[in-house]
Amino acid sequence: MADSTSGTNAFDKLKKSLTAGGKEWKYYSLPSLADKRYEKLPYSIRVLLESAVRNCDDFYVYQSDVEKILDWEVNQSRSVEIPFKPSRVILQDFTGVPAVVDFAAMRDAVKRLGGDPEKINPVCPADLVIDHSIQVDVSRSADALEQNQMLEFERNKERFVFLKWGANALKNMLIVPPGSGIVHQVNLEYLARVVFGEEGVLYPDSLVGTDSHTTMINGLGIVGWGVGGIEAEAVMLGQSISMVLPEVVGYKLTGEPNPLTTSTDIVLTITKHLRSVGVVGKFVEFFGPGVTALSIADRATISNMCPEYGATVGFFPVDDKSLQYLRQTGREEEKISLIEAYLKANKMFRNFTDAAEDPIFSQVIELDLSSVTPCCSGPKRPHDKVTIADMKTDFRDCLNNKPGFKGFGIPEDKQSTTVPLVFDGQEYTLNHGSVVIAAITSCTNTSNPSVMLGAGLLAKKAVEAGLSVKPYIKTSLSPGSGVVTYYLRESGVTQYLQKLGFDIVGYGCMTCIGNSGPLPEPVSEAIEKGDLVACGVLSGNRNFEGRIHPLTRANYLASPPLVIAYALAGRVNIDFETEPLGTNQEGNPVFLRDIWPSRDEIHKVENEFVIPSMFNEVYARIQKGNERWNKLDAPEGILYPWDAKSTYIQSPPFFETMTKELPKIQGIKDAYVLLNFGDSVTTDHISPAGSIARNSPAARYLAGRGLTPREFNSYGSRRGNDAVMARGTFANIRLVNKFLSKPGARTLHLPTGEEMDIFDAAERYKSEGKPVVILAGKEYGSGSSRDWAAKGPWILGVKAVIAESYERIHRSNLVGMGIIPFQYLDGQNASSLGLTGKETVTIDLPQNLQPGQTVDVKLSGDRTFQVKTRFDTEVELVYFRNGGILNYMVRKIINAS
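Residues numbered from 1 in each chain as written. Predicted model: local features only at pLDDT ≥ 70, side-chain atom pairs only at ≥ 80, totals over all residues. Heavy atoms only, no water.

1. Considerations on the packing of helix H15 (residues 449-464) against helix H16 (residues 482-490)
The geometry of H15 relative to H16 is characterised by a closest axis approach of 10 Å and an angle of 45° between their N-to-C directions. In terms of their interaxial angle, H15 and H16 are classed as oblique. Taken as a pair, H15 and H16 cross one another with a handedness that is right-handed. Contacts from Pro449, Met452 and Leu453 in H15 reach Val484, Tyr487 and Leu488 in H16. (Axes fitted to C-alpha atoms, helices over the stretch in contact; angles between N-to-C directions. Helix = DSSP H or I, 4+ residues; strand = E, 2+ residues; numbered from the N terminus. Parallel < 35°, antiparallel > 145°, perpendicular 65-115°, else oblique. Left-handed = near helix turned anticlockwise from the far one by under 90°. Contact = heavy atoms within 4.5 Å.)

Below, the structure is given as structure tokens:
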């Protein structure tokens, strides 16, 4: 936010002038602090410091906060709380719709309680990209893109109309219309400012976004990370983020990549490495001469996977390559000169070959890029790296291993099961390991021309060698932006991708987010008949159980060229070194090495065909919209006219019982355990984004309103309707609840022992006046920064979660909804304490509750143990006392009216 505190800022004395592009600008000069500590700070921390200096008003941000950040080297491990005001917020439509819904509902609440509803309005820029809505219902078709986009508008017209209302009703909000691309790639290629220039003041671009892969922007030297929609809304309303000053792990890169490796191989190697080191809640900052070997697209791919290795950011400071990327993507030369001048003046510009510029880090770890080998990751987690050379034996081991992250528990006598299927009049067979989905998808890799062109060149060589992909495999290509279409077409590889079935089906996350669409009926029947471990291979960033497709029990992340390679092979249990992909016209074997394009080959094509005019032409359309979008007729006015019959947009229940007065802190009395979980329960388990199962409570709700199954759409697209989302909470078919013997969206109603759908059990407890809690293991809430993974449990009546550890964003989301995150004391868990989950739980909370306070948990049967309350800051306690962030903001605005 620009110089909103001018005249009251104790650091106004640091303001200096800078002339660039014939214009004079002001900026806060951090070197003028004349403090030796500044030049030792990691570059990512310098951005936090600049924000504190510029926004210091001794109300939201204090002079003492600036001192805390300057003294980072001492404070980094002391859990010191600091405020941070990002420059902007970015939303994708899956989370943007509920954010706008919440704003509309907050306006209603403010009006009901006697305040001015127009005060509920973003005060910092908010970019909302409509990107996540297309299901791959149509593939392997020349007009797949047109058909899918037509279906998207047909299914989501009501959501789009609502967002168009939001763009007009809410100031400072830019809507990027559907069909433009994936939010993170659009952010990287178009929306990123790098340096803001508002009201004559320069300052670094920084942001929070409502998707955990917001960190992709770190590859361009912009500090940003994912938060829940709830926290993002507070930032849009002018609130600081309250955060603990992080440790910063320095990740030193040396050497040059092997000619056979791709950026995907590098990122999967780094992901596994950092996950094993343990960087949850920390910043990771990359440095060392090896960084210069990575393009901005390579760096963005690494930064994109930040949630998978667990860090808050994976940051690459701005250097000369960053400026080259801005030129390549069509940014104006005048703006690029301004960016360079400002960052150099504030000592935020980096020369990675100059070790004298290396800051102090909390810890330094190293990777020699020449040691990276081709790899995939799976079958169930993004950080379970498998080298290509080991894939065949690793998959066999997974079949043998007991059920878990690396096991399916298939009996030995069932491992050679073969099931015939007839597709388009031709007979085929499926086995364990057969590939049924192959998707080049997601911002992770489609932002990177080297791997996309590599896939195109491999497809060309495969077609020329006479290879093909079996027609029953669901192949698709969903780039992150329209620019990809241009350079694939201009380089002449599109036709070869199409011949292998990789037609462009739309611009969005699609398969990576779970919108893979249905498999052909004969394929589904064969998988179910043989209880096969069928496989998906995708160039995405996540492969959690049940996420890609209910029938692909094994899913592997891979580079775009490897996605095509496994599609050609038709199976993942192949040794590419010794087994051919197929045979050519002469009947001779064709191996992967025969068609793999060289790095030099790829770079030559990239340099020729990825040019600024492509980016300019594609992104010029954002201002113009498109024909379907422009024809949408949105309502006017500051209050949204809710339609009670809508199955997409409803006013949520968050403010229905809210009062002006601050309520007293309430403890938990005689609560039942709704669900009893183990480790690594993801937000996909808690609030799936994919298809709505026909036998689910959400399906029954929609059917009761006259919708047919083909009209159900996905949970992601219906996030503006709390009735659907509450019924979809914990609706993942792979959910493992210790109360039951098999996975599924079911639980026990403990007083009667009756098994039922989780939503129905929660409703039963509510009708009985009984609160509920959740027990969990390690890493509860890992995965996407999904605010409905906190909103849904709140609607179900969940008062608290007791877990061994939490993913950062999800814990914050729980606090944001007024759900208490409790944590077992070190060394303790449900098993060590002898908990079955069938006990009732009572937790008394003092009125003077403190961050991190230890409290007693009393169980039926007169047993007691202690837990830590995971309110990490005083601000989080304020939110909890108010019943959540949104309630706090409503009360604040009413009291200020």
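2. Focus on the pairing of strand S33 (residues 854-859)
Of the two faces of S33, only the one carrying Val855, Val857 and Leu859 is buried; Thr854, Asp856 and Lys858 on the other face are not. Pairing geometry for strand S32 (residues 841-843) and S33, over two bridges, is antiparallel. Pairing of Val841 across the sheet is with Leu859, part of S33. The sheet contact formed by S33 and strand S34 (residues 863-869) spans six bridges and is antiparallel. When the sheet's bridge partners are listed, Val857 is paired in S34 with Phe865. From the end of S33 to the start of S34, which pair antiparallel, there are three residues, and Gly861 there has a positive phi angle of about 95°. (Buried < 20%, exposed > 50% of the residue type's maximum accessible area, 1.4 Å probe, protein only. Pairing = 2+ DSSP bridges.)

3. Section: the sheet that holds strand S1 (residues 15-20)
With mixed pairing, four strands are arranged side by side in an open sheet as S1-S2-S8-S7. Whereas interior strands pair on both sides, the edge strands pair on one side only; in this sheet they are S1 and strand S7 (195-198). In this sheet, adjacent strand axes meet at a mean angle of 35° when their direction is disregarded. Two strands pair when backbone bridges link them, and S7 and strand S8 (residues 201-204) are joined in this way by four bridges, in the antiparallel orientation. Residue pairing in the sheet places Glu198 in a bridge with Val201 of S8. With respect to the sheet, helix H1 (residues 43-54) is in contact with strand S2 (23-28) and S8, its orientation differing from that of S8 by roughly 145°. Against the sheet, helix H12 (residues 333-345) engages S1, S2, S7 and S8, with an angle of about 145° to S1.

4. Structural notes on helix H21 (residues 599-609)
Along H21, the positions that sit buried rather than exposed are Ile602, Val605, Glu606 and Phe609. One side of H21 holds all its buried residues, which, seen down the axis, span an arc of 100°. Exposed residues pointing more than 90 degrees away from the buried face of H21 are listed as Asp600, Lys604, Asn607 and Glu608. Turning to H21, the residues buried within the fold contact H15, H16 and helix H22 (612-624). (Arc of directions from axis to C-beta.)

5. Thoughts on the confidence of the model for the protein chain
In this model, the protein chain carries an average pLDDT of 92, and 98% of its residues clear a pLDDT of 70 or more. Note that residues 1-7 has pLDDT below 50 and, in this model, 22 contacts with residues that lie over four places away or in other chains. (pLDDT = per-residue confidence, 0-100.)

6. Digging into the packing of H16 against H22
Across the interface, H16 lies against H22 with an axial gap of 9 Å and an inter-helix angle of 140°. Judged by the inter-axis angle, H16 sits oblique to H22. Pair H16 / H22 crosses with right-handed handedness. Within the contact between the two elements, H16 uses Gly482, Val483, Tyr486, Tyr487 and Glu490 and H22 uses Met614, Phe615, Glu617, Val618, Tyr619 and Arg621. Looking at the contact of H16 with H22 residue by residue, the classes come out as seven nonpolar, one polar and three charged. (Nonpolar A, V, L, I, M, F, W, Y, C, P; charged D, E, K, R; others polar.)

7. Looking at the pattern of salt bridges
Scanning all chains against the criterion turns up 46 salt bridges. Across the pair Glu763 and Lys766 runs a salt bridge, and its minimum N-O distance is 3.5 Å. Pair noted here: Glu763 and Lys766 are both in helix H27 (residues 758-767), with a separation of three residues, about one helical turn. The partner of Arg811 in a salt bridge is Asp872, and the shortest N-O contact between them spans 3.4 Å. Here the residue Arg811 occupies a position in helix H29 (residues 808-816), and Asp872 occupies one in the loop between S34 and helix H30 (874-881), the gap between them amounting to 61 residues. Residue class for Asp872 comes out partly exposed when judged on its relative accessible area of 29%. Three or more residues are tied together by salt bridges with common partners; here these are Arg700, Arg746, Glu755, Asp757 and Asp760. (Salt bridge = Lys/Arg side-chain N within 4 Å of Asp/Glu carboxyl O.)

8. Re the environment of Arg571
Here Arg571 shows up in the loop between helix H19 (560-569) and strand S24 (582-583). Residue class for Arg571 comes out partly exposed when judged on its relative accessible area of 27%. In this structure, the C-alpha to C-alpha distance between Arg571 and Lys392, residues 179 residues apart in sequence, is 9.6 Å. Among residues more than four places away in sequence, those in contact with Arg571 are Gly433, Ser434, Val435, Tyr566 and Glu579. Among the polar contacts made by the side chain of Arg571, one reaches the side chain of Glu579 at a distance of 2.7 Å. (Polar contact = N/O pair within 3.5 Å; in protein donor to acceptor, adjacent residues only side chain to side chain.)

9. Details of the sheet that holds strand S15 (residues 363-368)
On the basis of which strands lie adjacent, the open sheet formed by four strands has the order S14-S13-S12-S15 and parallel pairing. The sheet is open, and its two edges are formed by strand S14 (313-315) and S15, each paired on a single side. For this sheet, the mean inter-axis angle between neighbouring strands, taken without regard to orientation, is 20°. Inspection of the sheet shows strand S12 (residues 248-254) paired to S15 by six bridges, in the parallel sense. Considered in S15, the bridge of Thr254 is made with Asp368. Where helix H8 (residues 263-277) meets the sheet, it contacts S12, strand S13 (283-287) and S15, and its direction lies at approximately 150° from that of S15.

10. Let's talk about H27
Of the positions making up H27, those classed as buried are Ile758, Phe759, Ala761, Ala762 and Tyr765. End-on view of H27: buried residues confined to an arc of 160°, all on one side of the axis. Those residues of H27 hidden inside the fold are in contact with strand S26 (668-676), helix H25 (697-703), helix H26 (722-727), strand S27 (746-749), strand S28 (754-757) and strand S29 (772-775). Looking one or two residues beyond H27, the residue adopting positive phi is Gly769, at roughly 75°.

11. Comments concerning the pairing of strand S20 (residues 435-441)
Along S20, seven of the seven residues are buried, which leaves the element largely enclosed by surrounding structure. Two elements, S20 and strand S21 (residues 474-478), share five bridges in a ladder whose sense is parallel. Bridging across to S21, Ala438 finds its partner in Thr475.

12. Considerations on unusual backbone geometry
Note the cis peptide between Gly378 and Pro379, where omega equals 15°. Locating Pro379 in the fold gives a position in the loop between strand S16 (375-377) and strand S17 (385-387). The backbone phi angle of Lys347 is positive, close to 55°, even though this residue is not glycine. Examined against the element boundaries, Lys347 turns out to sit in the loop between H12 and S15.

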